[in-house]
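One-letter residues, chain by chain:
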Amino acid sequence: MPTVIEFEENLSSLVEKPFDPKTFYSDFLQAVGAPPALLQQMESQGTLFGDAPLLWRKKLHFLLAPKGGVQRCVSYLELHPDTKKHKPGILLSTDGEDVIARDLITDEMMTCEYGRLSANFAFFLPLADIPRSTLPENSRIDVRATGRVAKFYDEIVRDNPEWRKEDKRHALNHFITQIIFCLFAEDTGIFPTEGMFTQTITTYCENDSKAASEVIKNLFTAMATPEAERKALPSYAAKFPHVNGGLFKGSQEVPNFTKGSVRYLLDAGALKWQYINPDIFGSMIQGIVNEKLRADLGMHYTSVPNILKVLEPLFLESLREQVSDAWGEAKELHKVLARLTKIRVFDPACGSGNFLVIAYRELREIEISVISRLHELESYRAPASSHVKLENFFGLEYIDFAAETARLALWIAEYQMTTRYAAEFGQRPPALPLKDAGIIVHGNALRINWDRVCPHPKDESIETYIAGNPPYLGRQKQTAEQKEDKKLVFNKRVKNYKSLDYVCCWLLKGADYIKKSSGRCLVSLVTTNSICQGQHVSILWPAIFKEGSEIDYAYLPFKWSNNATDNAGVTVIIVCIGKKSESEKTLFTENERIICENINPYLLPKENIIVEPRSNAAGSISGLPRMSFGNMPLCGSGLLMTREERDNLLSVCPEASPLIRPIVGSDEIIKNLERFCLWIDTKELEELAYSLPSVVERIEKVRGERLDSDDDVTKEYASTPHRFREMYSSRDTTIVVPSASSEHRHYLPVDIKPSEFIVSNLAFAIYDGPLWCLSLIASRLHLLWISTVCGQLESRIRYSNTLGWNTFPIRKLTEDEIKVLTKASEAIVVARNFYFEKSIAQVYEPIGMAEKYPVLHKAHLENDEIVERIYRQEAFKNDVERLDYLFSMYAQMRKAQK
């Protein structure tokens, strides 16, 4: 299937050709990405020639119309039996002059002239399995512009292979930024004549592509030089104004051109660049030089509403309230304008500048509303220049081209907002020469002192707001350079920092910046939710609190989408830290806000309680039975077997039967899978195993794997290759808890197995544990505790005996309570047996569990009620209240044990 950009380009190419009813069916289907097999089938059936309706099942019902008959054909298709039978998503008809389409799913209609078909390409995106909702209504020009500049970029790189090298990368990126600025400037009045850049290229280069490099170099030189300082320039270049702003300063490097690259440049210039959206276009343009991103262009956009979740509570909401309170008093409104001059925004991972652009735009909108109101109150005359200055916007960015794009996006945003300002008040400063587009620094934010980029102000009335979306990378995905970054930030300050996510560096650097700031300063970051879960909490947050910071506001987990492939649709939180104060704190969910005195690192409205792991030697804080880590094979593939491998072994060596046991880990418990292992103690090794060649072969395989390991401890275990690293088993039964499970289930998977089952290192075990423990583990309360304090592995819930089970707070149980919990456990086991042919994964599927498996669902509801009544008689209202109770109880128990 085509990407959005390819989709639009395909339709553009289609309508540029003369309309041919004999080939239009085939041409249109190819343009929208119909499978080749479908086209071959239709061609063999003779349905591609426009004489009768064409049906693409569940996608499209299409009929070419006689001149003036498009509406009649759409009505005909609506009543056609194939429409009712095969339910196509879209009906379409055209006569080569007009086009009418109807979406039968949303009941939307689209009508346009045939030549405007590509301008309405978004209507047909569902044909390529691209949801139309992924494309914001006002972003179609951005998609087309990005696609055309991408083709131009590819042609330049193809014709100038030396520009692919690292030492030329900055020059290439800067050149593309200059070109984009020229295309925008000629359509928006920045240049004195509309279309003058494209027209110059057309006149001097369309028929002489080799001249393009010299022509463009002359144009750039003119734009870099004030008129009074210019020397000999060709007349076509002398007409161009001085641009400045850092965009054209220095020597001008321009690649060689060919006929193709000139053509692609002119194609890009043919678009209406005045409609570019800098908040969207800034992200998309990065994909031009990044093939990984380009494959997804148009599929994922930085969500403006999501960015506003950061900026609104950070400073916009406060400004809006100030405006509202001052609406009738001119004096107070002037204070708002004065405040606007003192607001600074800094993004230390700014990418293409989306946060900065949106912050700038929103501040300008507030300014316009205030000036409009002042005009009503006292006939206030708007000043020519804005109170919101670009020099108050700061960015740090690791990727060179992204930093270039951020500057360009801010220039575009300023020009567009100034144009809007002029339309409102008739005042505008000259567009040229450009001012510096904020302070955008290309560099590693973790190795640069942020004060060098955004200096701490001497004036305490200046407000500094740090906001952004730094990269999230777990330990396993970090490069050697990124691990060194972490060392520079955390070493000698934080123990066990190596396990932290990369994004944690920005939080600690932010706390350092806040500590040294004399004025109002807050740091609000979009981050993976792992930083407020599991061991991240006990490792990271004490260091942040030590610097005098606290959580000012936070958003509980939600889905965040942007144009970066790795970030699309990830679950994130927003955490804002600031200096410790007595002010109210705010917790946001998708539907409500919770006002509280404090937000702790688990994003709960409670004091800063931090749950720390408790070893099995220390025991459970509640006196619960010991839960152990499972048995690790440790480079022991020879010890593990599928059913087929077990059967093959027994077929040649039936005497090995006593040495083989079933083994279970997470997948075996959840998906009801079978796996087996060799379980050999020293006595069995001497009496039986060494007499069985097939078993010896497997043992020697383990010895070899352990000796080949880079780990010295693993090599030591090569002396006992018949054994797992641990050798734990039960006499009677074992309660087994998978180490990872889906976050979508309403209950943690837990099972009970007879003594012959071995538990692998992918699960936890309570050996010969009392059955009532199953009731606790399977309860809603325990799931909440585990998902909060243990965290997640990717999106799955991660279980831990030391961090989850040993810290789980519950008072000492009475004999009667133990009996009731035991019965509840038995009811759950019996209910599962009622659906014995189904796996845990199937019966605990959250959607439809109550309807499909009512006996099990009822058993769990009753278990939850029993467990929660042990804590208190009054029912909990919600999960926030449940967690609040558990954390209070945990804090009391820890205090009592100190």
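Residues numbered from 1 in each chain as written. Predicted model: local features only at pLDDT ≥ 70, side-chain atom pairs only at ≥ 80, totals over all residues. Heavy atoms only, no water.

Participant: Just checking my understanding: could you explain the packing of aromatic side chains for this structure?
Facilitator: Each aromatic ring pair is specified by the distance between its two centres and by the angle formed by the two planes. A complete count under the given rule lists 44 aromatic pairs for this structure. Look at Tyr 360 and Phe 393: their rings are 5.5 Å apart centre to centre, the planes differ by 75°, and that puts the pair in the edge-to-face class. Of the two residues, Tyr 360 sits in helix H16 (residues 354-378) while Phe 393 sits in strand E7 (residues 393-397), which places them 33 residues apart along the sequence. Accessibility assignment for this pair places Tyr 360 and Phe 393 in one class, buried. (Phe/Tyr/Trp six-rings, centres within 6.5 Å; stacked < 30°, edge-to-face > 60°. Helix = DSSP H or I, 4+ residues; strand = E, 2+ residues; numbered from the N terminus. Buried < 20%, exposed > 50% of the residue type's maximum accessible area, 1.4 Å probe, protein only.)

Participant: Teacher, can you tell me more about the side chain of Thr 200 here?
Facilitator: Here Thr 200 lies in helix H8 (residues 196-205). Among the polar contacts listed, one links the side chain of Thr 200 to the backbone oxygen of Met 196, at a separation of 2.6 Å. If sequence neighbours within four positions are ignored, Thr 200 has contacts with Cys 205, Val 215, Leu 219, Tyr 236 and Phe 240. (Polar contact = N/O pair within 3.5 Å; in protein donor to acceptor, adjacent residues only side chain to side chain. Contact = heavy atoms within 4.5 Å.)

Participant: Would you take a moment to explain the sheet that holds strand E19 (residues 733-738) for this structure?
Facilitator: Sheet strands line up and pair through hydrogen bonds in the backbone, either parallel or antiparallel. In spatial order, the strands read E15-E23-E19-E21; together these 4 strands make up an open sheet with antiparallel pairing. Pairing within the sheet leaves two strands with one partner each, and these edge strands are strand E15 (628-629) and strand E21 (751-754). Judged from the 2 bridges that link them, E15 and strand E23 (residues 763-767) form a sheet pairing that is antiparallel. Within E23, the position partnered with Phe 629 by the bridge is Phe 764. (Pairing = 2+ DSSP bridges.)

Participant: How should the side chain of Asp 95 be read in this particular structure?
Facilitator: Of note, Asp 95 is situated in the loop between strand E3 (90-94) and strand E4 (98-103). The charged side chain of Asp 95 is buried without a salt bridge, its nearest counter-charge being Lys 67 at 5.4 Å. Engagement of the side chain of Asp 95 in a polar contact is seen with the backbone nitrogen of Gly 68, the distance being 3.0 Å. (Lys, Arg positive; Asp, Glu negative; His and termini not counted. Salt bridge = Lys/Arg side-chain N within 4 Å of Asp/Glu carboxyl O.)

Participant: Sorry if this is basic, but what is going on with the sheet that holds strand E2 (residues 60-64) here?
Facilitator: Spatial strand order, E1-E2-E3-E4-E5: 5 strands in an open sheet with mixed pairing. Of all the strands in the sheet, just strand E1 (54-56) and strand E5 (109-113) have a single pairing partner and so form its edges. For this sheet, the mean angle separating the axes of adjacent strands, direction not counted, is 15°. Sheet analysis places E4 next to E5, joined by 5 bridges and oriented antiparallel. Bridge pairing links Asp 98 to Glu 113 in E5. Sitting on the sheet, helix H4 (residues 70-79) is in contact with E2, E3 and E4, with an inclination near 150° to E3. (Axes fitted to C-alpha atoms, helices over the stretch in contact; angles between N-to-C directions.)

Participant: How should the packing of H8 against helix H9 (residues 212-224) be read in this particular structure?
Facilitator: When two helices pack together, their arrangement is given by the angle between the helix axes and by the axis-to-axis distance. The contact between H8 and H9 brings their axes to 10 Å, and the two run at 145°. Crossing angle aside, the handedness with which H8 passes H9 is right-handed. Counted together, Phe 197, Thr 200, Ile 201, Tyr 204 and Cys 205 of H8 and Ala 212, Val 215, Ile 216 and Leu 219 of H9 form the full contact between these two elements. Taken together, the residues that form the contact of H8 with H9 break down as 8 nonpolar, 1 polar and no charged. (Left-handed = near helix turned anticlockwise from the far one by under 90°. Nonpolar A, V, L, I, M, F, W, Y, C, P; charged D, E, K, R; others polar.)

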